[in-house]
Amino acid sequence: MPSTEDELADFESLRLALSFLGKTVKVVVDRPLGSRHPPAGFAYPVNYGFIPGVLAPDGEDLDAYLVGLPTPVAEETGLCIAIVHRLYEDDDKLIVAADGLDRTDWSQVFWLTF
């Protein structure tokens, strides 16, 4: 993790993602919980999508994992609670806790492994 503003300047995606931390956002889900990743074939353990209208450095909408929902959804609002910072790609992801999730009970949040 970068520790100074100069180091942060090298991570355009992280700067963008940090601007959403602690804010309520709308996530449009294009890979619902349980769906399969097209080329890799793994199943998504959470709803995965994007923040509409927010372009990331890769030219696509900013990606987001939507946690705390037991079923697939098409879209949902929630609080951005964390960021997955990717060291080797300028393509960070938001972690968004769905509205209504008891944020004091972290047992409701899925642990993601990469």
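About the thresholds
- Residues numbered from 1 in each chain as written.
- Predicted model: local features only at pLDDT ≥ 70, side-chain atom pairs only at ≥ 80, totals over all residues.
- Heavy atoms only, no water.
- Buried < 20%, exposed > 50% of the residue type's maximum accessible area, 1.4 Å probe, protein only.
- Helix = DSSP H or I, 4+ residues; strand = E, 2+ residues; numbered from the N terminus.
- Pairing = 2+ DSSP bridges.
- Contact = heavy atoms within 4.5 Å.

Side note on the pairing of strand E3 (residues 61–67)
E3 sits mainly inside the fold: six of its seven residues count as buried. Two strands pair when backbone bridges link them, and strand E2 (residues 47–55) and E3 are joined in this way by six bridges, in the antiparallel orientation. Residue pairing across strands places Leu55 opposite Asp61, the latter belonging to E3. Count of turn residues in the E2/E3 antiparallel hairpin: five residues, of which Gly59 carries a positive phi of about 85°. Strand direction decides the pairing type here: E3 and strand E5 (residues 93–98), joined by four bridges, are parallel. Bridge pairing links Leu66 to Val96 in E5.

Here we look at the environment of Ala64
Structurally, Ala64 is set in strand E3. Looking at Ala64, the relative accessible area reads 0%, which means it is buried. Taking the C-alpha atoms as reference points, Ala64 and Val28, separated by 36 residues in sequence, lie 8.8 Å from one another. Those residues in contact with Ala64 that lie beyond four places of it in its chain are Val27, Asn47, Tyr48, Gly49, Phe50, Ile51, Leu94 and Val96.

Geometric values such as these leave the question of function open.
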